[in-house]
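# Architecture at a glance
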Amino acid sequence: MFNNIPPITRNIIIINVIVYLVANFLLPNLYNTLSGFYPFSPNFKSWQIITHMFMHAPLKESGGIMHILFNMFTLFSFGPILEQMLGDKKYLILYFASGLGSFFLFNLWNFVEAQQIISGLQSLGLSASEIYPKAALDYVGSMKISATTIEGQELSSQYYALLRTPMLGASGAIFGVIAAFATLYPDAKIGIMFIPVPIKVKYLLPIIVIISIYLGVSGNGGGIAHLAHVGGALVGWLLARIWKRHLYRFN
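Right, let's walk through the structure included here. (Residues numbered from 1 in each chain as written. Predicted model: local features only at pLDDT ≥ 70, side-chain atom pairs only at ≥ 80, totals over all residues. Heavy atoms only, no water.)

With 19 residues, helix H1 (residues 7-25) ought to run about 27 Å at 1.5 Å a step, and its terminal C-alpha atoms sit 27 Å apart, in line with that. Among all positions of H1, only Ile 8, Thr 9, Arg 10, Ile 12, Ile 13, Asn 16, Val 19, Tyr 20 and Ala 23 are buried. Buried residues in H1 make contact with helix H2 (30-34), helix H4 (64-86) and helix H5 (88-123). (Helix = DSSP H or I, 4+ residues; strand = E, 2+ residues; numbered from the N terminus. Expected span 1.5 Å × (residues − 1). Buried < 20%, exposed > 50% of the residue type's maximum accessible area, 1.4 Å probe, protein only. Contact = heavy atoms within 4.5 Å.)

See below:
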């Protein structure tokens, strides 16, 4: 059955699984190297805008294995149809452009939050040079404000967490695939957990996006990069809208 999956989808799944096994059993430092850190973090490297799509929650974390299993199952469910319909070139563009869109939107929101934190720290008397995001992580972690106010300690902890917590996973790219599927096959029905009857994807996708926006903006995401999902879905929707008009033009 696996051999019958179109080659792009099959190879993406294979690469994700191989990277996951290597990162969890052979080279755990890959999580620091390949995960997608905030662009103003000292841990950020340019290649992470791509490589974060192939990293998933560590096996040692509670429920970590479900992250990659769910993503790969979702890609297996939606990817082959789009790959066959769009062709290799468009499908690759869709996948990686959606992943880039997810990284951009997620970190745009991170930038907004970082500026709010920096403003708060500056109001406590710290100079811009002391809290500039490219300072060493160890220095940012203490920030020389541990002996000042509780507010300063909280802001310092938030800022440190923003710099050192990466985004990882193929979810953004896969949300782009789902959004493209919903755009090209709006009346297709799928069954999901907790809903007793199949629902058309043209109704399901907006609901998921609205919930993701709320969770991402409110901070109630439970460690999930919900705005990354929104960014991926937005790119996938836009590309599918364009290609739907000229579906065979660039094959």
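There's more to say after this.
Tracing the sequence through the fold places Met 55 in the loop between helix H3 (48-51) and H4. For the pair formed by Met 55 and His 67, sequence separation is 12 residues and the distance between their alpha carbons is 9.8 Å. Residues within four places of Met 55 in sequence aside, it is in contact with Val 19, Ala 23, Leu 30, Tyr 31, Leu 34, Ser 35, Leu 168, Gly 169 and Ala 170.

This model, assessed by the stated rule, comprises 7 aromatic pairs. Taken together, a centroid distance of 6.0 Å and an interplanar angle of 40° make the contact between Phe 40 and Phe 111 tilted. Residue Phe 40 is found in the loop between H2 and H3, and its partner Phe 111 is found in helix H5; the two are separated by 71 residues along the sequence. Measuring from ring centre to ring centre gives 6.2 Å for Phe 54 and Phe 96, while their planes differ by 45°; the resulting arrangement is tilted. Separated by 42 residues along the polypeptide, Phe 54 in the loop between H3 and H4 and Phe 96 in helix H5 bring together distant segments of the chain. A relative accessible area of 23% places Phe 96 in the partly exposed class. The structure contains a cluster of three or more aromatic residues connected by ring pairs, namely Tyr 38, Phe 40 and Phe 111. (Phe/Tyr/Trp six-rings, centres within 6.5 Å; stacked < 30°, edge-to-face > 60°.)

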